[in-house]
Amino acid sequence: MRFSERVAIVTGGASGIGLAVTTRFAMEGAAVVIAGRDQERGLAAAAGLAAAGATGSVRFVRTDVSDAQAVEDLVAGTVDTFGRLDVMVNNAGVEVDERPDGPATEADWDLLFDVNTKGTWFGCRAALPHLLDTRGVIVNNASVAALIGSPGHVAYSASKAAVVNLTKTLALTYAEQGVRINAICPGPILTEMTKAAWESDGGDEGRRRNLALCPARRAADPAEVAGLVLYLASPEAAFITGAAIPIDGGKSAGLMTIDRYRW
Ligand SMILES: NC(=O)c1ccc[n+]([C@@H]2O[C@H](COP(=O)([O-])OP(=O)(O)OC[C@H]3O[C@@H](n4cnc5c(N)ncnc54)[C@H](O)[C@@H]3O)[C@@H](O)[C@H]2O)c1
C-alpha cells in the first residue's frame, strides 16, 4: 500500500503498459484517473479494477493528450475531485507504420509529435504547479527507440528522443523544489501496439525479426514495466531524477549481432 492517500493520473491508462500501471497504482491504494480517448474501454477498465478489488478509486476522464486545453481540464478536474496530485504518468503514445520504401508522411510526423511529444509536454506543464505542492513525481514513457537508432522508425524515434530531453531539462529545472521527473525507455513489450507492428511486418516473421534484435529474445509483459514506474514514483527512488531508464532486455546495451561470441 505504498500509494494510499496518493493521487495519480495515467494517460493512455486503459490499455497495454498504461493499464498495467493503473492496475498497480489502484492495487497499492492510490486514487487513479485514467485519461484516454476511448470512452468505452476507459470505463470498462475502471469498472474491471473496481470489480477486481482495487483499494484505490479508479475513474476515467475522456482526454485527447494532443489537446492542451483538454489536458489542463483533466488535471484541474483531478485536483478538484481528489484535492491533490502526486504522480503524473505521461504514457499515451502512438506509432505509425514507417517503412524504408514508404517513409512517414508529414501528417504522420504531425501526429507523432502532437501525441508523443507535445502530449507529454502538455501533461508535464499542467501537472507541475500541483506537483510542487506535493513534491510529486512525473514519469514519461519514451522508448528504447529514443536512445538508439531504429531503422524504419525515423519519426517515432525522433518524437521519443524529444521526450527524453524534455524530461531531463524539466528535471534540472525542478530538482531543488523536490519534484522528480524521469523517463522510461521500454524495448519490446507485449501490447496491442507491438502486436500491430509485428503484424504489419509479416506476422510471425515480423515477431522473429523484432525479437532477434533484443538480447533477452523475448518481449516483456506490461506488468514488468509497471513495476519500474511504481518504483520511480515511490519514495525509494527519492534520489533519481532526470534519468531515462531502459527496460529493454538489453537492447540499448549495444549491437546484437551473432551468437558465436557467446561463451
Ligand atoms: N509496446 C512497446 O513495445 C513499447 C515500447 C516502447 C515504448 N512504448 C510506449 O509505451 C506507451 C504505451 O503503449 P502500449 O505499448 O501500451 O500500446 P497501447 O496502444 O496499448 O497504448 C497506447 C495508449 O495511448 C492511448 N492514446 C493514443 N493516442 C492518444 C491521445 N491522443 N490521447 C489520449 N490517449 C491516447 C491509446 O488509446 C492507448 O490506450 C506509448 O507511449 C508507446 O510509445 C511501447
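Conventions adopted
- Position numbers for residues count from 1 along each chain, tracking the sequence in the order it is written.
- Given that this is a predicted model, residues contribute local features only at a pLDDT of at least 70 and side-chain atom pairs are listed and counted only at 80 or more, while totals for whole chains, interfaces and linings are drawn from all residues.
- In computing side-chain properties, one takes all heavy atoms of the structure into account and sets aside hydrogens as well as water.
- When a carboxyl oxygen of Asp or Glu lies within 4 Å of a side-chain nitrogen of Lys or Arg, that pair is called a salt bridge.
- Only protein chains enter the area calculation, which uses a 1.4 Å probe; residues under 20% of their type maximum are buried, those over 50% are exposed, and those in between are partly exposed.
- Secondary structure elements follow DSSP: runs of H or I of four or more residues count as helices, runs of E of two or more count as strands, with numbering from the N terminus.
- Between any two strands, pairing holds if DSSP finds at least two bridges.
- A crossover gets the label right-handed when its path from the first strand over the helix to the second runs clockwise, viewed with the strands pointing away from the viewer.
- The cutoff for a nearby residue is simple: one of its non-hydrogen atoms must lie within 4 Å of the molecule or strand.
- In protein, a polar contact requires one atom able to donate a hydrogen and another able to accept it; more generally it is a pair of N or O atoms within 3.5 Å, and residues adjacent in sequence count only if both atoms are side-chain atoms.
- Each accessible area value is a Shrake-Rupley result obtained with a 1.4 Å probe; residue values ignore everything except the protein chains displayed when judging cover.
- Residue type decides the class: Asp, Glu, Lys and Arg count as charged, Ala, Val, Leu, Ile, Met, Phe, Trp, Tyr, Cys and Pro as nonpolar, and the leftover types, Gly among them, as polar.
- Only buried residues count toward a nonpolar core, which is a set of Ala, Val, Leu, Ile, Met, Phe, Trp, Tyr and Cys residues joined through side-chain atoms within 4.5 Å.
- Note on contacts: a residue pair qualifies if any of its non-hydrogen atoms lie within 4.5 Å across the two residues.
- Convention adopted: a line fitted to C-alpha atoms gives each axis, helices being fitted over their contacting stretch, and angles between N-to-C directions are expressed from 0 to 180 degrees.
- Working definition: roughly parallel below 35 degrees, roughly antiparallel above 145 degrees, roughly perpendicular at 65 to 115 degrees, and oblique for all remaining angles.
- Definitions for this section: a left-handed crossing has its near helix turned counterclockwise from the far helix by less than a right angle. A right-handed crossing has that turn clockwise.
- We call a pair of cysteine sulfur atoms a disulfide whenever their separation is within 2.5 Å.

A. Representation of the pattern of salt bridges. Tallied over the full model, the rule gives 11 salt bridges. Between D86 and R84 there is a salt bridge; the shortest N-O distance is 2.6 Å. For D86, a relative accessible area of 4% translates into the label buried. When its relative accessible area of 29% is taken as the criterion, R84 is described as partly exposed. E205 is paired through a salt bridge with R208; the nearest N and O atoms lie 3.1 Å apart. Linking E205 with R208, this pair stays in helix α7 (residues 204–212), spanning three residues, or about one helical turn.

B. Summary view of the environment of L232. Structurally, L232 can be placed in helix α8 (residues 222–233). Separated by 93 residues in the primary sequence, L232 and V139 place their C-alpha atoms 7.4 Å from one another.

C. How the structure looks around the pairing of strand β6 (residues 180–186). The buried fraction of β6 is high, at seven of seven residues. In β6, alternate side chains face the same way, and those of R180, N182, I184 and P186 on one face and I181, A183 and C185 on the other are all buried. Relative to β6, strand β5 (residues 137–141) runs parallel, the two sharing five bridges. Considered in β6, the bridge of N141 is made with I184. With helix α5 (residues 154–174) bridging β5 and its parallel neighbour β6, the resulting β-α-β unit is right-handed. As defined by bridge partners, β6 adjoins strand β7 (residues 244–247) across four bridges and the pair is classed as parallel. Within the sheet, the bridge partner assigned to P186 lies in β7 and is I247.

D. Looking closely at the site of the ligand. In the vicinity of the ligand lie 26 residues, with S15, N91, N141, Y156 and T191 positioned nearest. Within the side chain of D64, an N or O atom sits 2.9 Å from a nitrogen atom of the ligand. Surface burial for the ligand is 93%, taken as the share of its 820 Å² of free accessible area covered by protein chains. At the level of elements, α1 (16–27), α5 and α6 (192–200) are the ones that each hand at least two residues to the shell around the ligand. Residues that form the shell around the ligand fall into these classes: 11 nonpolar, 11 polar and four charged.

E. View of the nonpolar core. Counting residues in each nonpolar core, the largest one holds 34 residues, and the members touching the most others are L85, M88 and I181. Breaking this core down by element, the ones donating at least two residues are β1 (7–11), β2 (31–36), α3 (68–82), α4 (106–134) and α5. In contact with L85, other than residues within four places in its own chain, are V7, A8, I9, V75, T78, V79, A127, H130, L131 and T134. V21, V89, V137 and V229 belong to the second largest nonpolar core, which has 32 residues in total.

F. Region of the structure containing the packing of α1 against α8. Contact geometry of α1 with α8 gives a least axis separation of 8 Å together with a crossing angle of 55°. Comparing the axis directions of α1 and α8 gives the class oblique. Seen from above, α1 lies across α8 with right-handed handedness. Listed contacts from α8 to G16, I17, A20, V21, R24 and F25 of α1 are P222, A223, V225, A226, G227, V229, L230 and A233. Its residues assigned to classes, the contact of α1 with α8 comprises 11 nonpolar, two polar and one charged.

G. Layout of the state of the cysteines. Inspection of the entire model under this criterion finds zero disulfides. Between C124, a free cysteine, and C185, which holds the nearest cysteine sulfur, the sulfur-to-sulfur gap is 14 Å. The exposure class of C124 is buried, given its relative accessible area of 0%.

H. Fine view of the sheet that holds strand β4 (residues 87–90). Taken in spatial order, the seven strands make up an open sheet running β3-β2-β1-β4-β5-β6-β7, and their pairing is parallel. The open sheet is flanked by β3 (58–62) and β7, the only strands paired with a single partner. The sheet shows a mean angle of 20° between the axes of neighbouring strands, direction not considered.

I. A look at the packing of α3 against α4. Running from amino to carboxyl end, α3 crosses α4 at an angle of 30°, the nearest separation of the two axes being 9 Å. In terms of orientation, α3 and α4 fall into the roughly parallel class. The interaxial crossing formed by α3 with α4 has right-handed handedness. Of α4, the residues touching α3 (which contributes A68, V71, E72, V75 and V79) are F122, G123, R125, A126, A127 and H130.

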